[in-house]
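# Descriptive structure summary
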Amino acid sequence: NLHCIGCDYWKIKENNILSIDSIKKIIEEGKYLGLQSVHISGGEPTLRKDLETILEIISEKGLSSRMVTNGTMLCEDRIMALLSFGLRGITFSLDSADPSQNDFLKGRKDSWSKTVESIKIASKLKLKYQLQIGINCVVSRYNLDQLDKIVRLSYELGSDWVRLSPLDNFQY
C-alpha cells in the first residue's frame, strides 16, 4: 500500500502469498522445533484479509505473535481485533520525525500522519493488553540527520524501543 524508496515489495506483480494451509504447516513444524514466537512482516501484513485467522492459529499453538507494519491501515477497531486474536507486539515503520521527509521515503503523502495516529492508538492500549510497541527506522542518506529526532519522537509516542536498520540498497 506504500511505495517505499528502499523496498521492492510493492513492485512485485506475482501473488506469492502463503496460503493458510502452508502457514499452519510452518507453524506446526516450528512449534515442534521449539518455536516460541512468530513475527509477521511483509510487504504489509495488514493487507491480508486473513491476518486475524493467522494470529488465531499462532495463538492456538501457544505461541506469541508480533507484527511489523507501516500502520497506515490500522484503526482502533482493527488493533483491538488483532489483540483479541493474540497479537502482543507491533513494530511500526517510521523513517523520519519530519512528516514530509517520511512521506517522501514511504512514497505516500499522508503516511507519517497515519502511522503516528496508529502508534498513538496502540500506545493507549499497551498497558491494558501488555502490548509491546516498537519503531523501526530504515536508515538511509535521506534521514541520517533525523536519527536523534526519530528516537526522541518514538519515546514521546510511547514506543518501548527503536531499531535503526541500515538500508540494504545502497543507492538510497
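Described in the following lines is the structure provided in the data block. (Residues numbered from 1 in each chain as written. Predicted model: local features only at pLDDT ≥ 70, side-chain atom pairs only at ≥ 80, totals over all residues. Heavy atoms only, no water.)

## So, the packing of aromatic side chains
Considering all chains together, one arrives at one aromatic pair under this definition. Summarising the aromatic geometry, the rings of F104 and Y142 are spaced 5.2 Å apart at their centres and angled 75° between planes, so their arrangement reads as edge-to-face. Pair noted here: F104 is in helix α4 (residues 99-106) and Y142 is in the loop between β4 (132-139) and α6 (147-156), with a separation of 38 residues, a long-range link. On the basis of relative accessible area, F104 is assigned to the partly exposed category, the value being 43%. (Phe/Tyr/Trp six-rings, centres within 6.5 Å; stacked < 30°, edge-to-face > 60°. Helix = DSSP H or I, 4+ residues; strand = E, 2+ residues; numbered from the N terminus. Buried < 20%, exposed > 50% of the residue type's maximum accessible area, 1.4 Å probe, protein only.)

## Structural notes on the side chain of N102
Here N102 lies in helix α4. Of the residues examined, N102 reaches a relative accessible area of 1% and is grouped as buried. A polar atom in the side chain of N102 sits 2.8 Å from the backbone nitrogen of D95. Beyond its immediate stretch of four places on either side in the chain, N102 contacts L94, D95, S96, S111 and W112. (Polar contact = N/O pair within 3.5 Å; in protein donor to acceptor, adjacent residues only side chain to side chain. Contact = heavy atoms within 4.5 Å.)

## Concerning the nonpolar core
With 35 residues, the main nonpolar core has I58, I79, F92 and L94 as its most contacted residues. Of all the secondary-structure elements, those providing two or more residues to this core are α1 (20-32), β1 (37-40), α2 (51-60), α3 (76-84), β3 (87-93), α5 (111-129), β4 and α6. It is α5 that provides the largest number of residues to this core, a total of six residues. Setting aside chain neighbours within four positions, we find I79 in contact with L74, I90, S118, I121, A122 and L125. (Core = buried A, V, L, I, M, F, W, Y, C linked by side-chain atoms within 4.5 Å.)

## Observations concerning α2
Residues of α2 that are buried: L51, E52, I54, L55, I57 and I58. For α2, the elements touching its buried residues are α1, β1, β2 (64-69), α3 and β3.

## A look at the environment of K61
By the secondary structure assignment, K61 is in the loop between α2 and β2. In sequence terms K61 and K31 are 30 residues apart; their C-alpha atoms lie 7.4 Å from each other. In this structure, K61 is in contact with I27, E28 and K31, ignoring residues within four places of it in sequence.

## Description of the sheet that holds β1
The five strands lie next to each other as β1-β2-β3-β4-β5, forming an open sheet whose pairing is parallel. Strands with a single pairing partner mark the edges of an open sheet, and in this sheet they are β1 and β5 (161-166). Averaged over all pairs of adjacent strands, the angle between their axes in this sheet comes to 20°, without regard to strand direction. Relative to β2, β1 runs parallel, the two being bridged by four bridges. By the bridge assignment, I40 is partnered in β2 with M67. (Pairing = 2+ DSSP bridges. Axes fitted to C-alpha atoms, helices over the stretch in contact; angles between N-to-C directions.)

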